[in-house]
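Overview (structure and organization)
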Amino acid sequence: MRTTALRLQLVATSVLAAIVQAAPAEEKPYGRGLTESNQERLVIDDMEDVSTWSTGSPMETTLSASDQHVKQGSRALKFGNVVDHTRGEKNYPIGWPRTSKSLAKAKLTDWSGYDYFQCWIYVDTSRDALPGNPLGIGFSHTGHRRTSSFPLKEVRKDQWVKIVIPIAKLIDPKDVQGVQFHISESSYKHLDRVDFYIDDMVLTRYVDPAIAELATDRRLLYHNDRQIAALYTLMGHRDMEHVRAEFEIGQGATTVAKTAAHPERQGELPLGITRPLTPGDYWARLSLRDARGRLVDRRQTEFRVIAGPRE
Ligand SMILES: [Ca+2]
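About the thresholds
Residues numbered from 1 in each chain as written. Predicted model: local features only at pLDDT ≥ 70, side-chain atom pairs only at ≥ 80, totals over all residues. Helix = DSSP H or I, 4+ residues; strand = E, 2+ residues; numbered from the N terminus. Rg over C-alpha atoms; globule rule 2.2 N^0.38 Å. Contact = placed C-beta atoms within 7 Å. Domains from an automatic or database assignment. Buried ≥ 20, exposed ≤ 12 C-beta atoms within 10 Å, placed from the backbone. Core = buried A, V, L, I, M, F, W, Y, C linked by C-beta atoms within 7 Å. Pairing = 2+ DSSP bridges. Axes fitted to C-alpha atoms, helices over the stretch in contact; angles between N-to-C directions. pLDDT = per-residue confidence, 0-100.

1. A word on the overall build of the protein
Check the secondary structure of the protein and you find 1 helix and 19 strands. In summary, the protein has a C-alpha radius of gyration of 28 Å against a globular reference of 19 Å for 311 residues, an excess of more than 25%. Its C-alpha atoms give the protein principal-axis dimensions of about 90 × 70 × 40 Å. Taking the contacts inside the protein whose residues are at least 6 apart along the sequence as the reference set, 72% of them involve residues at least 24 apart.

Next comes the structure, spelled out in C-alpha cells:
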C-alpha cells in the first residue's frame, strides 16, 4: 500500500513539474518603481522651529511657527504678508516681500544626490482668489545673482498643495546656499492679506532603479527599416552603476530583436533590426537588470510597422 501511495505521489509531483515547465511564471520586477515606498527623504526643515527663517521685508512680512494649518508634526512656517504699495524698501514701495533660510550652517548645500525638492503649502488670504502669479521660490547659489527661480502657480487658496521641483532643473545642484519664498506686490492689491503656511520641506530620491519614462524614437516604422531606438529616463541610485538595460521589440510572445547596454540617467539606446519586419503592431520593452541578472524594473510601449518602399 505504501509503495502505491508513494508512486502516486511521485506521479503527481512530476505532473506538477511538467505544468510549471510548460507555463513559466511571468518574470516580475522586484524593484518598487515610482512608488512612495521607493523614496528616501532628507528633511531640510519640519518647521517645528522656524528660527532659521528670516525676512528682508519686515514692514510687510511676519514669520512664526503656527499651529493654525499644519501638514506634518504640530507646526508649520507661517509666512504672513499684508501688501503695502506705499511702504517697504525705500526705492521699491511695490516690492518683493520674502523669507529665506540659509543652508550652509546645517551643511545641506549639496543636493546632487537627490531627485526632487518637495514641500507643502497652504494659502489663507483676504482675496476671493489668488492672482495668476501668487508666489515664487528661489534657490541661491554661490556667486553674484546666481539663483534658480520657479513660479509656484499651483498653490491654492484654503488647500494644501504638494510642491515638487526636480533638482535637475537647478542651475547648480551641488551648491544650494539658501531657499527663499517671495511674492511680487505688483501681483496683489494694496492691503491684500496673504498668508502662506509652509511645511515638511524635504529632498527625496528613489532607491531601487526605476524607469521613469520610455518612448521609441518613432511610433511608425517601415517594414524594411533597420533601426529603432529607446528614449528613456531612469530614477533610483542603489547599485545603479551595475545595472544593465535590455531593449527588445516583438509581437505576442516572440522577441524579434534585442540589445543591452549600461544605461545613463537619461539616454537613447539604439537597436539594429537585421531582418524585414512583418507589418503589424509591436511592443518595445525596456528592462533593468541588476548585477545578478535579476529584473529590477520593466516598462513597455507600442509601435506599428507598415509596408515601406521596396529596396
Ligand atoms: Ca511641521
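2. Section: the environment of N91
Take N91: it is sitting in the loop between strand 4 (76-82) and strand 5 (98-102). For the pair formed by N91 and H242, sequence separation is 151 residues and the distance between their alpha carbons is 57 Å.

3. Quick look at the domain arrangement of the protein
Here the protein is described as being made up of domain 1 (37-204) and domain 2 (208-306). Summarising the inter-unit geometry, the C-alpha centres of domain 1 and domain 2 are found 40 Å apart.

4. Focus: unusual backbone geometry
Note: most residues except glycine have negative phi, and most peptide bonds are trans. Non-glycine residue D158 carries a positive phi angle of around 60°. Tracing the backbone shows D158 in the loop between strand 8 (147-151) and strand 9 (160-166). Note on D158: 9 C-beta atoms within 10 Å, which makes it exposed. In the Ramachandran plot, D200 falls in the positive-phi region, its phi being about 50° despite a non-glycine side chain.

5. Considerations on the nonpolar core
Counting residues in hydrophobic clusters, the biggest one holds 23 residues, and the most contacted among them are L77, I121, F181, F196, Y197 and I198. Elements with a minimum of two residues in this core: strand 4, strand 6 (116-125) and strand 11 (193-206). Apart from the residues within four sequence positions on either side, F181 is in contact with F79, R98, T99, L135, I137, F196 and I198. Formed by 21 residues, the second largest nonpolar core is a distinct cluster that contains A230, F247, L271 and A284.

6. Things to note about the sheet that holds strand 12 (residues 210-216)
The sheet built from 3 strands is open, its strands ordered 12-14-17 with antiparallel pairing. Edge positions in the open sheet fall to strand 12 and strand 17 (266-272), since each of these has one partner strand only. Taking the axes of each pair of neighbouring strands and ignoring which way they run, one obtains an average angle of 25° across the sheet. With 6 bridges connecting them, strand 12 and strand 14 (residues 227-235) associate as antiparallel partners. Across the sheet, E213 pairs through a bridge with T233, a residue of strand 14.

7. Things to note about the confidence of the model for the protein
Mean pLDDT for the protein: 92, with 91% of residues reaching 70 or above. Per-residue pLDDT stays below 50 along residues 15-23; that stretch engages in 0 contacts with residues further than four places along the chain or on separate chains.

8. A short note on the sheet that holds strand 19 (residues 295-306)
In space, the 5 strands of this open sheet follow the order 13-19-18-15-16, with mixed pairing throughout. Both outer strands of the open sheet, strand 13 (220-222) and strand 16 (254-261), are each paired with one neighbouring strand and no more. If you compare each strand with its neighbour and ignore which way they point, the axes differ by 30° on average. Here strand 15 (residues 244-251) runs beside strand 16; their pairing, made up of 7 bridges, is antiparallel. Bridge pairing in strand 16 places F247 opposite T259.

9. Describing the environment of L214
Its location among the elements puts L214 in strand 12. Judged by local crowding, L214 falls into the partly exposed class, with 18 C-beta atoms found within 10 Å. Spatially, the C-alpha atoms of L214 and T233 are 6.8 Å apart, while their sequence positions differ by 19 residues. Aside from chain neighbours lying at most four places away, what touches L214 is A230, Y232, L286, R299 and T301.

10. With respect to the pairing of strand 5
Pairing of strand 2 (residues 53-55) with strand 5, which is carried by 3 bridges, proceeds in the antiparallel orientation. The residue of strand 5 that forms the bridge with T55 is T99. Pairing of strand 5 with strand 10 (residues 178-182) involves 5 bridges; the strand directions are antiparallel. Bridging from a neighbouring strand, S100 pairs with Q180 of strand 10.

11. Side note on the environment of Q72
Along the chain, Q72 falls in the loop between strand 3 (61-66) and strand 4. Classification of Q72 by C-beta neighbours within 10 Å gives partly exposed; the count is 16. Remark: the alpha-carbon pair of Q72 and V50, spanning 22 residues in sequence, is separated by 14 Å. Beyond its immediate sequence surroundings of up to four residues, Q72 is in contact with D46, D199 and D200.

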